[in-house]
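# Remarks on the overall topology
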Amino acid sequence: MTDAPVSHASPTYLDANATEPLRPAAQAAALAGLQLRGNPSSVHAEGREARRLLEEARNGISAGLGRISGACVFTSGATEADAMAVHAFGRNRRIFVGATEHDAILKAAPEAEILPVSPDGVLDVETLRRRLKESGPTLVCVMSANNETGVLAPLDDVAEVCRDSGSHLHVDAVQSAGRQPFTLQDCSVAISGHKMGGPKGAGALLLPRDEPMDALIPGGGQERGRRGGTQPLPAILGMAAAFDEARKQDWRPIEALREQVEQVAIAAGARVAGRNALRLPNTSCLILDGVAAQVQLMTLDLAGFCVSAGSACSSGKVSASHVLTAMGETAGARQAIRVSLPWNIREEEVEAFCEAYAMMAGRLGKN
């Protein structure tokens, strides 16, 4: 089954959309947080110091997303933030979600109406406009960038349509935060620390303004009653540092490396999902017709490359990608892998992957 030499060296990590490698600044910030004894809710000196650092992190994240500090609610991650948004803004409203949304939204709103996307994975704004005219004020949930294909949503157009209908827009910005500027104001936004190079275990829901909300987890009144539970300060500090570093990074060299991957893959017989759409600078969804994703993953893993199929489930098996199915793929929905270049990728690592991919495709792909 294998078609590339087995690698005994440290594997090359090309799965940044699952988790970015930890950034040094984020690691340092998280370690500093681990050394603090105080609970941010305590009023003594050590508690106040923990609170000061917590609020500094809140200020930095809020400013980076164009919000005032009080609009930021810390969570355990983006899945919780998405569920909070559905809970707070979807009650007694119809809910519309894009067909390529993440399961964090799809499973939080199983009753939602699904909006179609184009063959390139771009949300159909005209269908949204028509449905909102018919339904009235609604909760609309849209990913800013798809986790499997990297395709960017037409957020400005979506926001205008939602604004005109009096609907609330919630944006899952997990993949785009730090990689793409975010300027929308009148929507809620979910982010995740480890997708930016921070530690796992922290995320945030950014509200349109500083306002109360119906808590999903009421608890002890932390986050001003909007989300109970002691804040995971080390992870939050790491998230804030990672976000700051990601926003400063020049992503153009990584985009050039992504293009190199795609050119080699296309020459080897692969197709790139969403290639004609605007996409994240680091993400390629490669469809190798006739070769199951599981076979590709195993082959590349043995060759020393960590990639993924965006449809991997908790059992470790690979099922058909609902994202690619929504884009009109049939067999191809089971024959795609995702290559997502991390923030610290090196050119020689990409060149080695291209060689391994071309070798695999040449032996397994259709001739």
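Quick caveat: nothing in here was measured; it's all calculated off a predicted structure.

Conventions used here
Residues numbered from 1 in each chain as written. Predicted model: local features only at pLDDT ≥ 70, side-chain atom pairs only at ≥ 80, totals over all residues. Heavy atoms only, no water. Helix = DSSP H or I, 4+ residues; strand = E, 2+ residues; numbered from the N terminus. Rg over C-alpha atoms; globule rule 2.2 N^0.38 Å. Buried < 20%, exposed > 50% of the residue type's maximum accessible area, 1.4 Å probe, protein only. Contact = heavy atoms within 4.5 Å. Areas by Shrake-Rupley, 256 points an atom, 1.4 Å probe, with all protein chains shown as cover. Lys, Arg positive; Asp, Glu negative; His and termini not counted. Charge placed at Lys NZ, Arg CZ, Asp CG, Glu CD. Expected span 1.5 Å × (residues − 1). Core = buried A, V, L, I, M, F, W, Y, C linked by side-chain atoms within 4.5 Å. Domains from an automatic or database assignment. Polar contact = N/O pair within 3.5 Å; in protein donor to acceptor, adjacent residues only side chain to side chain. Salt bridge = Lys/Arg side-chain N within 4 Å of Asp/Glu carboxyl O. Phe/Tyr/Trp six-rings, centres within 6.5 Å; stacked < 30°, edge-to-face > 60°. Buried area = accessible area lost by both parts, 1.4 Å probe. Pairing = 2+ DSSP bridges.

Moving on: the overall build of the protein chain. Along the protein chain, the regular secondary structure elements total 11 helices and 12 strands. For 367 residues, the compact-globule estimate of 2.2 N^0.38 gives 21 Å, and the protein chain sits close to it at 21 Å. Here the protein chain holds 367 residues, and 56% of them are scored as buried. Across the protein chain, the fraction of contacts at a sequence separation of at least 24, relative to all contacts at a separation of at least 6, is 70%. Carbon and sulfur atoms provide 52% of the accessible area of the protein chain, an area that totals close to 15300 Å². Positive and negative side-chain charges of the protein chain, numbering 36 and 42 respectively, have mean locations separated by a distance of 4 Å.

Bringing helix H2 (residues 45-64) into the picture now. Taking 1.5 Å of rise per residue, 20 residues should cover 28 Å, and H2 covers 29 Å from first to last C-alpha, within 8% of that figure. Of all the positions in H2, only Gly47, Ala50, Leu53, Leu54, Ala57, Arg58, Ile61, Ser62 and Gly64 are classed as buried. Buried residues along H2 sit in contact with strand S2 (72-75), strand S7 (188-192), strand S8 (203-206) and helix H7 (233-248). Where H2 ends, the next residue or the one after it, Gly66, has phi of about 70 degrees, a positive value.

This next bit is on the nonpolar core. With 55 residues, the main nonpolar core has Ile61, Phe74, Leu128, Val140, Val158, Leu169 and Ile191 as its most contacted residues. Broken down by element, the residue count for this core peaks at 9 residues, all from H7. Taken domain by domain, the makeup of this core includes at least three residues from each of domain 1 (12-17 + 250-365) and domain 2 (24-248). Once you skip the residues sitting within four places of it in the chain, Val158 turns out to touch Leu123, Val125, Leu128, Val140, Val142 and Leu169. Counting 30 residues, the second-largest nonpolar core is a separate cluster that includes Val261, Ala270, Leu286 and Val350.

Looking at where His194 falls in the secondary structure, it is placed in the loop between S7 and S8. Of note is the side chain of His194, whose polar atom sits 2.9 Å from the side chain of Thr19. Setting aside residues up to four positions removed in sequence, His194 forms contacts with Ala18, Thr19, Glu20, Pro199 and Lys200.

Attention shifts here to the pattern of salt bridges. Scanning all chains against the criterion turns up 30 salt bridges. A salt bridge links Arg275 to Glu262, with the shortest nitrogen-to-oxygen separation between them at 2.4 Å. Within this pair, whereas Arg275 is found in the loop between strand S9 (271-272) and strand S10 (283-287), its partner Glu262 is found in helix H8 (residues 252-267), the two being separated by 13 residues in sequence. Among the ionic pairs, Arg279 bridges to Glu262, the shortest N-O distance being 2.6 Å. With Arg279 in the loop between S9 and S10 and Glu262 in helix H8, this residue pair connects regions lying 17 residues apart in the sequence. For the pair Arg279 and Glu262, one class covers both residues: buried. Several salt bridges converge on common partners, so that one network encompasses Glu255, Arg258, Glu259, Glu262, Arg275 and Arg279.

Two aromatic rings, taken as a pair, are described by how far apart their centres are and by the angle between their planes. Summed over the entire model, instances satisfying the criterion amount to 2 aromatic pairs. On the basis of an interplanar angle of 75 degrees and a centroid distance of 5.6 Å, the ring pair of Phe305 and Phe353 is categorised as edge-to-face. Of this pair, Phe305 sits in strand S11 (residues 305-306) while Phe353 sits in helix H11 (residues 347-364); the two residues are 48 residues apart in sequence, bridging distant segments of the chain. Across the pair, exposure class does not vary: Phe305 and Phe353 are buried alike. Here Phe353 and Tyr357 contribute two aromatic rings whose centre-to-centre distance is 5.9 Å and whose plane-to-plane angle is 40 degrees, an arrangement assigned as tilted. Of this pair, Phe353 and Tyr357 are both found in helix H11, 4 residues apart, which corresponds to roughly one turn of the helix. Accessibility assignment for this pair places Phe353 and Tyr357 in one class, buried. Here the aromatic residues Phe305, Phe353 and Tyr357 are joined through ring pairs into a cluster of three or more.

When its domains are assigned, the protein chain resolves into domain 1 (12-17 + 250-365) and domain 2 (24-248). Spacing between the C-alpha centres of domain 1 and domain 2 amounts to 27 Å. Every contact between the two is made by 26 residues of domain 1 and, on the other side, 28 residues of domain 2. Buried area between domain 1 and domain 2, both sides added, is near 2100 Å², and the carbon and sulfur share of it is 56%. It is Trp251, Leu280 and Met327 in domain 1 that bury the most area against domain 2; as a group they hold 27% of the surface buried on that side. At the junction of domain 1 with domain 2, the criterion picks out 11 residue pairs in polar contact (both at pLDDT 80 or more). At the level of elements, S10 and helix H10 (322-326) are the ones that each hand at least two residues to the side of domain 1 that touches domain 2.

Take the sheet that holds S10 next. Pairing between the strands of a sheet is mediated by backbone hydrogen bonds and can be parallel or antiparallel. Taken in spatial order, the 3 strands of this open sheet run S9-S10-S12, and their pairing is antiparallel. In this open sheet, the two edge strands, each paired with only one partner strand, are S9 and strand S12 (336-340).

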